[in-house]
Amino acid sequence: MRPEQQQRTFPDGFLWGTATSAHQVEGQNTNNQWWAWEQQGRVYQGDSSGDACGWWRDVAGDLDRAAALGQNAHRMSLEWSRIEPVEGQFDAVALARYRAILEHMHQRGITPMLTLHHFTNPLWLEAQGGWLHPATPQRFARYTEQVIAALGDCCQLWCTINEPSIYAGLSYAAGWWPPGRRQPRLALLVAGNMLRGHAAAATVIHRAGSQHQVGLVHNLHIYEPATLLPQDILTARLFDYTNNQAILNALTTGRLSPVFGLGQRTVPGLRDATDFFGLNYYTRSHVRFFSRSPTWILGHEFTPTDVEQSDMGADGKTYGEIYPAGLYQALERIYQQTGLPIYITETGLPDDDDDQRPRFLLRHLSAVHRALQRGIDVRGVFIWSLLDNFEWAHGWHLRFGLYAFDERTGERRLRPSGALYAIIARANALPALTRETGGF
Ligand code: IFM
């Protein structure tokens, strides 16, 4: 058989999963800053997370669906505001509920990966300034201690914080997310504090035993200079430095660059905090030196009109280019710089009619396979997401699920891409390389 006719297999034990987050699927998360923001009508067309996908009530059906699709892993997050509804008071009932969810997973052969912070803060923390407050990393570590004591025997893969650069940028520079601030300097302070929180939580988790693996989840967005003009190249590098490189440097050196604010630069525990890199990869944008509408520092980001785009980007604020080569670039860069094993903790696209997702999956997973062949240590992929869910500022208007979910009726419907992902996960292999299934 010629090599191009052979299946492209993945290593034994490779994790094939999907990812979700608490606020996006649980429902009735009334005690965090996002719920409050939604009640103020700040989400697109007044949408609210409401009952979301009902996971707090009942998760078994969706976990059955994940298992039936051959998934052997699921990444989900814990809701800090449920576990610590009042500062210093921990809710044993909420922790028991999470324990039951983890047991459901194990019963179905699904390995859990837990994220401790995925964009939401308890209201009491937000009232104190959230991640701008210098004591927040220690508060986060105290919450982590309770979680490890209650759930440490049910999980070994831990993500401390999801996408610090996105949380900080959208909440404190762009102003699209609560608390709606527009001061890039604050965004950098917040990102720095989140790195401190990552180190503090990792120290707690590592203390609980060497079976625990800790990662930080970073959204590696690709910044492409719009032209070869030196000013565009430099601006793209500046965007990349503040959003990507400064975080990679912090993880490998244990020191924060001055972009994160002045003050103590060596962060206790940061250098040894990270056992794996959690890579979220979605897209790239093009960057041009200062235009009349700068979205960040001295620059303007955009997506050229002649590239294939997902349902993202229609609002002109977000970026939706489908760019699988970027996943390979990200994997290679992270592995070269950090030497850490990598989980792709999220990749996916909003595509309501599912006319792009099957090809998206084949092309992005081909990039992963190519990376493995070149010796890059990728341990698993979590597609965002198992089912459509509450997409933050876009509300219910962007559909990322392998299952379509109707938030009015609760109906779930498998999309063709979900069936395709099941074939790949069950075979632990991609179909043979063809023009349709291979190139990226
Ligand atoms: O829905 C989000 C998720 O919460 C974090 N990463 C990107 C996803 C899609 O926008």
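A few points on the structure. All of these numbers come straight from a predicted model, not from anything done at the bench.

### Overview of the overall build of the protein chain
Link 1 in the chain: Scanning the protein chain from N- to C-terminus turns up 13 helices and 15 strands.
Link 2 in the chain: The C-alpha atoms of the protein chain give a radius of gyration of 20 Å, which matches the 22 Å a tight globule of 440 residues would have.
Link 3 in the chain: Principal-axis analysis of the C-alpha atoms gives the protein chain an extent of 60 × 55 × 45 Å.
Link 4 in the chain: Residues counted as buried form 59% of the 440 residues belonging to the protein chain.
Link 5 in the chain: Considering only contacts in the protein chain between residues 6 or more positions apart, those separated by 24 or more positions represent 74%.
Link 6 in the chain: On the protein chain, roughly 17,100 Å² of surface is accessible, and the fraction owed to carbon and sulfur atoms is 51%.
Link 7 in the chain: Distance between charge centres in the protein chain, computed from 39 positive and 43 negative side chains, equals 5 Å.

### Examining unusual backbone geometry
Link 1 in the chain: Residue Pro-178 is joined to Pro-179 through a cis peptide bond whose omega torsion reads 10°.
Link 2 in the chain: Tracing the chain through its elements places Pro-179 in the loop between α8 (164-173) and α9 (184-207).
Link 3 in the chain: Of note, the amide linkage connecting Trp-384 to Ser-385 takes the cis form, showing an omega dihedral of 15°.
Link 4 in the chain: You can see Ser-385 is positioned in the loop between β12 (378-383) and β13 (403-405).
Link 5 in the chain: Here Glu-163, not a glycine, exhibits a phi torsion of approximately 50°, which is positive.
Link 6 in the chain: We classify Glu-163 as buried; its relative accessible area is 5%.
Link 7 in the chain: Unusually for a residue other than glycine, Trp-392 sits at a positive phi of about 50°.
Link 8 in the chain: Tracing the backbone shows Trp-392 in the loop between β12 and β13.

### Re the pattern of salt bridges
Link 1 in the chain: Tallying each qualifying case throughout the model produces 21 salt bridges.
Link 2 in the chain: Across the pair Glu-321 and Arg-284 runs a salt bridge whose closest N-O atoms are separated by 2.9 Å. Of the two residues, Glu-321 sits in the loop between β10 (299-302) and α11 (325-338) while Arg-284 sits in strand β9 (residues 284-289), which places them 37 residues apart along the sequence. Comparing Glu-321 with Arg-284, the two get one shared label, buried.
Link 3 in the chain: Where Arg-359 meets Glu-308, a salt bridge forms, and the shortest distance between an N and an O atom there is 3.9 Å. Of the two residues, Arg-359 sits in helix α12 (residues 357-373) while Glu-308 sits in the loop between β10 and α11, which places them 51 residues apart along the sequence.
Link 4 in the chain: Residue class for Glu-308 comes out partly exposed when judged on its relative accessible area of 36%.
Link 5 in the chain: Several salt bridges converge on common partners, so that one network encompasses Asp-352, Asp-388, Arg-399, Glu-407 and Arg-415.

### Overview of the site of the ligand
Link 1 in the chain: Every residue lining the ligand is accounted for by Gln-24, His-118, Phe-119, Asn-162, Glu-163, Tyr-282, Glu-346, Trp-384, Glu-391, Trp-392 and Phe-400.
Link 2 in the chain: One nitrogen or oxygen atom from the side chain of Glu-346 is found 2.5 Å from a nitrogen atom belonging to the ligand.
Link 3 in the chain: At a separation of 2.6 Å, an oxygen atom of the ligand approaches a polar side-chain atom of Glu-391.
Link 4 in the chain: Split into classes, the residues belonging to the shell around the ligand amount to five nonpolar, three polar and three charged.

### Quick look at the nonpolar core
One broad rule of soluble globular proteins: the nonpolar side chains tend to lie buried together.
Link 1 in the chain: Judged by nonpolar contacts, the single largest core of 111 residues is most densely connected at Leu-78, Trp-131, Leu-279, Leu-331, Val-368 and Val-378.
Link 2 in the chain: The element that contributes the greatest number of residues to this core is α9, accounting for ten residues.
Link 3 in the chain: Core analysis: the next-biggest nonpolar cluster, separate from the first, contains 15 residues, Ala-19, Met-113, Tyr-282 and Phe-382 among them.

Parameters at a glance
- Residues numbered from 1 in each chain as written.
- Predicted model: local features only at pLDDT ≥ 70, side-chain atom pairs only at ≥ 80, totals over all residues.
- Heavy atoms only, no water.
- Helix = DSSP H or I, 4+ residues; strand = E, 2+ residues; numbered from the N terminus.
- Rg over C-alpha atoms; globule rule 2.2 N^0.38 Å.
- Buried < 20%, exposed > 50% of the residue type's maximum accessible area, 1.4 Å probe, protein only.
- Contact = heavy atoms within 4.5 Å.
- Areas by Shrake-Rupley, 256 points an atom, 1.4 Å probe, with all protein chains shown as cover.
- Lys, Arg positive; Asp, Glu negative; His and termini not counted.
- Charge placed at Lys NZ, Arg CZ, Asp CG, Glu CD.
- Salt bridge = Lys/Arg side-chain N within 4 Å of Asp/Glu carboxyl O.
- Near = heavy atom within 4 Å.
- Polar contact = N/O pair within 3.5 Å; in protein donor to acceptor, adjacent residues only side chain to side chain.
- Nonpolar A, V, L, I, M, F, W, Y, C, P; charged D, E, K, R; others polar.
- Core = buried A, V, L, I, M, F, W, Y, C linked by side-chain atoms within 4.5 Å.

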